[in-house]
Amino acid sequence: MPSNSPSTTAATSPAGPARNSSGSTATSPHAYDAGLLLLRLVLGLTMAAHGSQKLFGWFGGGGIDGTGQFFTMSGYPAGNAMAVVAGLTEILGGLGLAVGLLTPLAGAAVVGTMVNAIAVTWGGGFFAPKGNEYELLLTAGAAALALTGPGRYAVDRFLPVLKAHRLAYGVAAVLVGLATAGVILLLRK
C-alpha cells in the first residue's frame, strides 16, 4: 500500500512543492524533467550530428567512403557497411534520445556504438586528443537516460508501454546494447 507521507507525495504532487518530513521544501518534479530534457537534447543531437558526418559527410565528416576507410584501418571488416551501420545507429539513437522516443532502446543504440568507439580509442590515455573521456561521457549519459527514462517532456509519455518507465526496461536495453557492442567487437581484427 503506498504511503501518503509528505516525503513520498512531494515528487508526485501537481499542486507544487510539498514539505518533506524534515520540513524543507521538496524539489519540483518538473526540475528533474527539465534536466533530463536538456541532457537528452544535447546528447541526442550530438550523436545525430556524428551520425550525419558518417553517412552524409556533413559537419566536416568523411561520409560513407571516408568513414569506411577509417573502420577498415581500425580493424573492422566491410568498412563501408560498418560506416552505414554506425551512422544510422548514431542518427536514429540520437534523434530518439533527443525527442524521448523509445528512450531505453535509443540509449542502448548509443551505448553500443560508443563502446566500440572506446575500444578504438583505448590505449591513448584518458584525455584528449587521443584519449577516450569524450566517448566515455557519451556512453555514461546514454546509459543513464536508458536507466532513468526520458522524463515527462518526451514522446514516450504517449506510448502505453513506456508511459511509466521501468528500471527493468533500461537495464534490459543497456544489456542489449553491451551485448551488441561485444558481437561487433568480436568481428574486429
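Residues numbered from 1 in each chain as written. Predicted model: local features only at pLDDT ≥ 70, side-chain atom pairs only at ≥ 80, totals over all residues. Heavy atoms only, no water.

*Asks:* What's the story with the overall build of the protein chain in this structure? I'm lost.
*Replies:* A tally of helices and strands in the protein chain yields 7 helices and 0 strands. Moving toward the C terminus, one meets the helices and strands of the protein chain in the order α-α-α-α-α-α-α. Within the protein chain, the proportion of its 189 residues that are buried is 37%. For the protein chain, the share of sequence-separated contacts (at least 6 apart) that also reach a separation of at least 24 residues comes to 60%. Of the roughly 10,400 Å² of accessible surface on the protein chain, 72% is carried by carbon and sulfur atoms. (Helix = DSSP H or I, 4+ residues; strand = E, 2+ residues; numbered from the N terminus. Buried < 20%, exposed > 50% of the residue type's maximum accessible area, 1.4 Å probe, protein only. Contact = heavy atoms within 4.5 Å. Areas by Shrake-Rupley, 256 points an atom, 1.4 Å probe, with all protein chains shown as cover.)

*Asks:* Quick question: what am I supposed to make of the layout of surface pockets here?
*Replies:* To find the voids left in a structure, one rolls a probe of water-molecule size over its atoms. Of the voids in this model, the largest pocket is the one considered here, and its volume is about 890 Å³. What lines the largest pocket is a set of 35 residues, and nearest its centre among them are Lys54, Phe71, Glu90, Thr113 and Ala117. Sorting the residues of the lining of the largest pocket by element identifies α2 (29-56), α3 (63-73), α4 (79-99), α5 (103-121), α6 (133-148) and α7 (167-187) as the ones contributing at least two each. Per element, the largest residue contribution to the lining of the largest pocket is 10 residues, and it comes from α5. Estimated volume of the second largest pocket: approximately 280 Å³. If you go around the second largest pocket, you meet 16 residues; those closest to its centre are Asp33, Thr148, Gly151, Arg152 and Arg157. Here the lining of the second largest pocket gets 4 residues from one element, more than from any other, and that element is α2. Tallied by class, residues from the lining of the second largest pocket come to 7 nonpolar, 4 polar and 5 charged. (1 Å grid on protein atoms, 1.4 Å probe; cavity = no way out; pocket = protein on both sides within 12 Å on 5 of 7 lines; lining within 4 Å. Points joined across faces, edges and corners; volume = space filled by probe spheres on them. Nonpolar A, V, L, I, M, F, W, Y, C, P; charged D, E, K, R; others polar.)

*Asks:* Any chance you could explain the environment of Gly112 here in plain terms?
*Replies:* Among the secondary structure elements, Gly112 is positioned in helix α5. Spatially, the C-alpha atoms of Gly112 and Thr89 are 8.9 Å apart, while their sequence positions differ by 23 residues. If sequence neighbours within four positions are ignored, Gly112 has contacts with Gly177 and Ala181.

*Asks:* Which parts of the structure should I look at to understand unusual backbone geometry?
*Replies:* It is generally the case that most residues other than glycine have a negative phi and that most peptide bonds are trans. Of note in the backbone geometry, Phe59 takes a positive phi value of approximately 55 degrees without being a glycine. Mapped onto the fold, Phe59 is located in the loop between α2 and α3. Relative accessible area serves as the criterion here: at 61%, Phe59 is assigned to the exposed category. Phi angles above zero are rare outside glycine, and Leu102 is one such case at about 50 degrees. Tracing the backbone shows Leu102 in the loop between α4 and α5. Its relative accessible area of 40% is what places Leu102 among the partly exposed residues.

*Asks:* Help me understand the packing of α2 against α6 in this model?
*Replies:* Think of two packed helices as two axes; the pair is described by the angle between the axes and how far apart they sit. As a packed pair, α2 and α6 sit with axes 11 Å apart at the nearest point and diverge in direction by 130 degrees. Judged by the angle between their axes, α2 and α6 are oblique. In this structure, α2 meets α6 at a crossing whose hand is left-handed. Residues Leu36, Leu39, Arg40, Leu43, Thr46, Met47 and His50 of α2 pack against Tyr134, Leu138, Gly141, Ala142, Leu145 and Thr148 of α6. Classifying every residue of the contact of α2 with α6 by side-chain character gives 8 nonpolar, 4 polar and 1 charged. (Axes fitted to C-alpha atoms, helices over the stretch in contact; angles between N-to-C directions. Parallel < 35°, antiparallel > 145°, perpendicular 65-115°, else oblique. Left-handed = near helix turned anticlockwise from the far one by under 90°.)

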